[in-house]
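Descriptive analysis of the structure
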Amino acid sequence: MADRRFSVRHLPGVSGIALITFVVLYTPVLILVIYAFNAGPVIGRWEGFSLRWFTAALENAAFRNAARNSLIVASVAGLVATLCATLAALATTRGRRFRGEGGIYLVLNQPLLVPEIVLAVALMILLAQIKQATGYHGLGWLIIAHSTFCIPFAYMPIRARLEGMDLTLETAAMDLYASRFYTFRRVTLPLMAPGVLAGFMLAFVISLDNVVVSTFVKSPGQETLPTYLMGELRRNLSSEIYAISALLLFASVAVVAASWLITRRKP
Amino acid sequence: MAETSTPETRVWRDELRRRWALASPAMIVITLFSILPLMVMVVYSFLAPGLYGNVIWEFSLRGWAGVFTERDLFDDTLGIAWAHVTILGRSVALALATTALTLVFGLPTAWFIATRHPSTRAFWLFLITIPFWTNLLVRTIAIQEVIRADGTINRILLSMGVIDAPFAMMFTNGAVLLGMSYVFLPLMVLPVYAAIEKFDFRLAEAAYDLHASRLYCLRRVILPLMKPGIVAGSILVFIPALGAYVTPRLMGGGRAMMWGNLIDLQFGQGRNWPLGAALSVVLTLVVAGALVWYVRATAAKGGRDG
């Protein structure tokens, strides 16, 4: 009789359920990606490998316009959110705790504490008035809205990075008569850089993926990739939609994998 | 009142001023474009609806009354808005069911990852993190592909001859439940994993050495130590599920609407912004209530497990 060693880490049935979970999690996404590469027009009838739906999407002016908007909004909003979050993270981690720090923390995380649909609707109400008053209907509103809810996402990795760095190096630099700015530029900034980069990448992905806030804030005729996809879905399910979905998927996975590799390096 | 101004307090005051200045850009952006809009929305919930959307600037409680009541079109009597009761009830029920379903699959998955050998653990963790950060809309499209009328399951069943006509699964409560569980599962696994990872397995060994049965050990040692993770995961799943918009819209359509879609409706075809604003305020309050419960539940432990 095989003698199986008893282990407290082993619970019966756990591995089975876990493996089912992983299969269920990945199979639908795999099916979607596979049919994005289908040569035929009918989803579900495989006619060979082809990139035709990707080329069709790239030649589609509406898609290109939405993709351009998405990239502009995600880049600018990502930068703005990262800048705001970096300054705030410096304020809340470098030095002693101070009265009001809890309040700052609460305000920074406030966009996460409210359901997304509520934030979206509230922004639409306010921006509808401002749009009418100013007559400006450009991408700026989407950028402002995205910057706002991206701040807490950018803040998390930057704060985590700064908390992992103790103050001794900065104190040493100051003791050696480095100016405050010189210390920041030569000591703090290089050490916190991976956190800042990770913060930017997460903010970028969160902005790129956003559907709800964009749907309510965008001006008529304006589309981002997810709102374009949402609109197309309402019309007709096509292989081209799967190709666009696959592109979005690849973009997110690439950015997340990169940020994961960066943050895994120890401070 | 004379203030003692030693060099030390002056330095500290300077530092404080600088740190508040550093925090201010983020604070200003969030105050102007998240907190202010929410306050404007509360005001809107007390105004009268405009004929073609927007509002008329006069005080009115019609928005709030509309959350649970409606006026009869013909005899103008006030009755209960059963459609709203159904939708809000469905939202709470589906959010709870999603939490339960993600627990059933999430707990074993988290346990599985946490008990892998350290060299492969990062890989399994990465597999859960990827869906967490990938597009929710794309993942909803993916799960929709599996159960839609011409989707994977129906194609397989039809080709095997099990069924003659596609089996209708879309646009039901079950479809919304499946979709939400699918997209929110990583939110359950990650905090539970964090709790198990910190677990000292010698405690379980001690329990077994003292002749505890497997079930007894699970119930009295392992589950209590996993509780902070379970509570955090449940709140992380319940809150976005309650206010979900994209997944119920694609998987439930008009037949299995949820709270978020009802809000959307008031700002679109419904043309009743005050009602939409009131529904939003109620949703925010329910979520705030859940968060307060969460803070209480974790604070009661006195941070001992942390």
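All values reported here derive from a predicted model rather than from experimental measurement.

Turning our eyes to something else, we now look at the nonpolar core. Ranked by internal contacts, the top residues of the largest apolar core, which has 172 residues, are A:I117, B:M41 and B:L137. Looking at this core element by element, the count peaks at 13 residues for helix α7 (residues 173-197) of chain B. Residue-level mapping places this core at the junction of two domains, with at least three residues from each of domain 1 (11-50) and domain 2 (60-264) of chain A. What B:M41 contacts, discounting residues up to four positions off in sequence, is A:V118, A:V121, A:A122, A:I125, B:A277, B:S280 and B:V281.

With that out of the way, let us pick up the interface of chain B and chain A. Quite often, the size of an interface is put as the accessible area lost when its parts meet. Between chain B and chain A, the contact holds 78 residues from the first and 88 residues from the second. Summing the contributions of chain B and of chain A, the shared interface buries around 7,600 Å²; its carbon and sulfur component is 78%. For chain B, the biggest contributors to the area lost against chain A are B:R19, B:F33 and B:W133; these three give 10% of the whole. Counting every contact that joins chain B to chain A gives 1 salt bridge. Taking the shortest distance from any N to any O, the salt bridge between A:E101 and B:R19 comes out at 3.8 Å. Top element by residues in the side of chain B that touches chain A is helix α1 (residues 7-44) of chain B. It accounts for 24 residues. Residue classes in the side of chain B that touches chain A are distributed as 54 nonpolar, 13 polar and 11 charged.

Another aspect to go through is a negative patch on the surface. Among the surface-exposed residues, B:E70, B:D72, B:D75 and B:D76 lie close enough to one another that they form a single negatively charged patch. As for its position among the elements, B:D75 is in the loop between β3 (69-71) and β4 (78-80).

The subject of this paragraph is the domain arrangement of chain A. All names here are of chain A. Each domain of chain A was delimited in the assignment, giving domain 1 (11-50) and domain 2 (60-264). Taking only C-alpha atoms into account, the centre of domain 1 sits 31 Å from that of domain 2. In this complex, domain 1 contributes 9 residues to the contact, which on the side of domain 2 involves 9 residues. Of the roughly 700 Å² buried between domain 1 and domain 2 on both sides combined, carbon and sulfur atoms contribute 81%. It is L32, A36 and I43 that lose the most area in domain 1 upon contact with domain 2, and together they represent 61% of the buried surface on that side. Viewed at the interface, domain 2 and domain 1 are joined by 0 salt bridges. At the junction of domain 1 and domain 2, the tally comes to 1 residue pair in polar contact (both at pLDDT 80 or more). By residue class, the composition of the side of domain 1 that touches domain 2 is 8 nonpolar, 1 polar and no charged.

What follows covers the pattern of salt bridges. In the structure shown here, the tally under the stated rule is 13 salt bridges over all chains. Ionic pairing is found between A:E47 and A:R45, a salt bridge with its closest N-O pair at 3.7 Å. Relative accessible area serves as the criterion here: at 43%, A:E47 is assigned to the partly exposed category. The salt bridge partner of B:D264 is B:R249, with a shortest N-O separation of 3.3 Å.

Another aspect to go through is the environment of A:G95. With respect to the helices and strands, the residue A:G95 is situated in the loop between α3 (61-93) and α4 (101-113). It is 41 Å that separates the C-alpha atoms of A:G95 and A:T215, two residues lying 120 residues apart in sequence. Leave out the neighbours within four places in its chain, and A:G95 touches A:L167, B:E15 and B:R19.

Thresholds applied
Residues numbered from 1 in each chain as written. Chains lettered and ligands numbered in written order. Predicted model: local features only at pLDDT ≥ 70, side-chain atom pairs only at ≥ 80, totals over all residues. Heavy atoms only, no water. Core = buried A, V, L, I, M, F, W, Y, C linked by side-chain atoms within 4.5 Å. Buried < 20%, exposed > 50% of the residue type's maximum accessible area, 1.4 Å probe, protein only. Helix = DSSP H or I, 4+ residues; strand = E, 2+ residues; numbered from the N terminus. Domains from an automatic or database assignment. Contact = heavy atoms within 4.5 Å. Buried area = accessible area lost by both parts, 1.4 Å probe. Salt bridge = Lys/Arg side-chain N within 4 Å of Asp/Glu carboxyl O. Nonpolar A, V, L, I, M, F, W, Y, C, P; charged D, E, K, R; others polar. Patch = residues over 30% accessible without salt bridge, like charges linked within 9 Å, V, L, I, M, F, W, Y side chains within 5 Å. Areas by Shrake-Rupley, 256 points an atom, 1.4 Å probe, with all protein chains shown as cover. Lys, Arg positive; Asp, Glu negative; His and termini not counted. Charge placed at Lys NZ, Arg CZ, Asp CG, Glu CD. Polar contact = N/O pair within 3.5 Å; in protein donor to acceptor, adjacent residues only side chain to side chain.

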